Amino acid sequence: MNSQGLDEFAGWVEGLMRRRGYDIDSPRGGGKSRIADEAGVHRAAVTRLLQRQSMPDLETMRRIAPLLGVSVRDMLIRSGRVTPEELPLAADLLPPTDWQPTMEDFARWLGVPDERMGVFVKVVSQFLEPDAAQEAEEPRAEPRRTARD
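Residues numbered from 1 in each chain as written. Predicted model: local features only at pLDDT ≥ 70, side-chain atom pairs only at ≥ 80, totals over all residues. Heavy atoms only, no water.

Q: Tell me about the side chain of Thr-60, and name the residues and values.
A: Assignment of secondary structure puts Thr-60 in helix α4 (residues 58-68). Excluding residues that lie within four positions of it along the chain, Thr-60 makes contacts with Val-41 and Ala-45. (Helix = DSSP H or I, 4+ residues; strand = E, 2+ residues; numbered from the N terminus. Contact = heavy atoms within 4.5 Å.)

Listed below in structure tokens is the structure:
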């Protein structure tokens, strides 16, 4: 990381510390020691960051982030160690909200073999609401059989 990136990151962290009430500006304010103690990290790691000497390691970021009211993801992205694309939000990985998985989808996710799909659907359907169970019992096209079957 270049010095400009370190300077920007340290400035961002300083602002977070001040907003959370850590007195990091006065020599006897105790803010650096307090945050280090509360996070369970070495005071030197906090000092080196605030003096723009070095970027904190992953464990230090992991411990400090909750105290500053930010996620570890945000801290890693702001530090320049990862991009938002490299660390997507869980919501970005979810299917569309209007998508309804079928019983067959669940069976595939669980690793149910094709030849047992019908049995799986029938058994699981017995535990569902009557409407859902009736839909699951509707005849579906059987999977194509191969010479191995």
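Q: Please provide a residue-by-residue account of helix α7 (residues 103-110), values included.
A: Turn by turn, an α-helix covers 3.6 residues, leaving residues three or four places apart pointing in a common direction. Those residues of α7 that sit buried are Met-103, Glu-104, Asp-105 and Ala-107. Positive backbone phi, at 85 degrees, marks Gly-111, one or two positions downstream of α7. (Buried < 20%, exposed > 50% of the residue type's maximum accessible area, 1.4 Å probe, protein only.)

Q: If you had to explain unusual backbone geometry to someone new, which residues and values would you point to?
A: Even without glycine at this site, Arg-52 takes up a positive phi of about 60 degrees. Summarising the element assignment, Arg-52 is placed in the loop between α3 (43-50) and α4. By relative accessible area, which is 28% here, Arg-52 ends up partly exposed.

Q: Can you lay out the packing of aromatic side chains for me, pointing to particular residues and giving the numbers?
A: Applying the stated criterion across every chain yields a total of two aromatic pairs. Aromatic pair Phe-106 and Trp-109: ring centres 5.1 Å apart, planes at 90 degrees, arrangement edge-to-face. With Phe-106 and Trp-109 both in helix α7, this residue pair falls three residues apart, about one helical turn. (Phe/Tyr/Trp six-rings, centres within 6.5 Å; stacked < 30°, edge-to-face > 60°.)

Q: I'd like a description of helix α5 (residues 72-79), backed by residues and values.
A: Within α5, burial applies to Arg-73, Met-75, Leu-76 and Ser-79. Projected down its long axis, α5 carries its buried residues within an arc of 165 degrees, all on one side. In this structure, the buried residues of α5 make contact with α1 (3-19) and α4. (Arc of directions from axis to C-beta.)

Nothing here speaks to function; it is all geometry.
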